[in-house]
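# Chains, contacts and geometry: an overview
These are the residues of each chain, in order.
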Amino acid sequence: MFNRLRKYAFRARYYPSLPEGWLSKYQAEELYRMGRENPGPFLEIGSWIGRSTCCIAYGIRASGKYKRFVSVDLGIASEDEWQAFFGQPLAKKPNKDLYLPHINRPGGSIESLKENLRTRKLDHLVEVRKGDFRKMEWGSEQFETIFCDVSHNPREVAANIPGIVDLLQPGGTLVADDIRTPEILKTLLDHFPCKEHRVKEQMFIGRKA
Ligand SMILES: C[S@@+](CC[C@H](N)C(=O)[O-])C[C@H]1O[C@@H](n2cnc3c(N)ncnc32)[C@H](O)[C@@H]1O
């Protein structure tokens, strides 16, 4: 009952004013619930301007406990940088207008992320790292929960999931968005040794074996 009330509080108070992005209400609530209930530490890969980041951080704040939360994004800061990383001009994307204001502002999209956290008083809960997570020095760091938003097609899954699995503790939870087709799910399961998993509204949640 208590948890259900908290979910409705998130739905009514925070969901309507989340930063723009692609997460559905169900997906947002799942991330909020994990932030609240999972012990952490948390890692997010692919924060963009913070829609998912805010959900996890609101959940952590609602838990009343300290839980470490690291969020990583390329923080693209120009159309040239976009093309260099993704291999295609942003101008050709039909929804380019969603991206342009953030990548063309001084400092690029990471500044929009920081601003969105600051205006919601969540910035002290999130350690923002800018860059390609595959090139970062992680040492022996591992996380109990990882939210991965860099798995939109089989190629991205194959390129990104092995490195992400290395960063996940045994028994830890992997959440991946945009698992839209049986082929994407199969590629994910080929790279993620997992005890149990479920997929709802394109969101995969599985526990590392
Ligand atoms: C779909 S968006 C994330 C949306 C966000 N989670 C939300 O809720 O609105 C994917 C993000 O992943 C980032 N990204 C892609 N590859 C990356 C990599 N190798 N390392 C870090 N970030 C990456 C991109 O910069 C982009 O901002």
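Please read these numbers as outputs of a predicted model, since none were measured by experiment.

### A look at the nonpolar core
Of all hydrophobic cores here, the largest spans 45 residues; its most connected members are Ile 56, Ala 57, Ile 146 and Cys 148. Looking at which element gives the most residues to this core, the answer is helix H3 (residues 51-63), with six residues. Not counting residues up to four positions away in its chain, the partners in contact with Ile 146 are Leu 43, Ile 45, Ile 164, Leu 167, Leu 168 and Leu 174.

### Quick notes on the pairing of strand E7 (residues 203-208)
Pairing geometry for strand E5 (residues 168-176) and E7, over four bridges, is antiparallel. Bridge pairing links Val 175 to Ile 205 in E7. Strand direction decides the pairing type here: strand E6 (residues 194-200) and E7, joined by six bridges, are antiparallel. By the bridge assignment for E7, Glu 196 is matched with Arg 207. Here E6 hands over to E7 after two residues, with Glu 201 in that stretch at a positive phi of 45 degrees.

### Regarding the sheet that holds strand E1 (residues 42-45)
Spatially, the seven strands line up as an open sheet ordered E3-E2-E1-E4-E5-E7-E6, and their pairing is mixed. Only two strands of the sheet have a single neighbouring strand rather than two, namely strand E3 (127-130) and E6. When strand polarity is set aside, the average angle formed by the axes of neighbouring strands in this sheet is 15 degrees. Taken together, the four bridges between E1 and strand E2 (residues 69-73) define a ladder with parallel strand orientation.

### Some details on the packing of helix H2 (residues 25-37) against H3
One can describe the packing of H2 onto H3 by two numbers: an axis separation of 6 Å at closest approach and a directional angle of 35 degrees. The hand of the H2/H3 crossing is right-handed. Where H2 approaches H3, its residues Ala 28, Leu 31, Tyr 32, Arg 33, Met 34, Gly 35 and Arg 36 are matched on the opposing element by Ser 52, Cys 55, Ile 56, Ala 57, Tyr 58, Gly 59, Ile 60, Ala 62 and Ser 63. Tallied by class, the residues present in the contact of H2 with H3 amount to 10 nonpolar, four polar and two charged.

Rules used in this analysis
- Residues numbered from 1 in each chain as written.
- Predicted model: local features only at pLDDT ≥ 70, side-chain atom pairs only at ≥ 80, totals over all residues.
- Core = buried A, V, L, I, M, F, W, Y, C linked by C-beta atoms within 7 Å.
- Buried ≥ 20, exposed ≤ 12 C-beta atoms within 10 Å, placed from the backbone.
- Helix = DSSP H or I, 4+ residues; strand = E, 2+ residues; numbered from the N terminus.
- Contact = placed C-beta atoms within 7 Å.
- Pairing = 2+ DSSP bridges.
- Axes fitted to C-alpha atoms, helices over the stretch in contact; angles between N-to-C directions.
- Left-handed = near helix turned anticlockwise from the far one by under 90°.
- Nonpolar A, V, L, I, M, F, W, Y, C, P; charged D, E, K, R; others polar.

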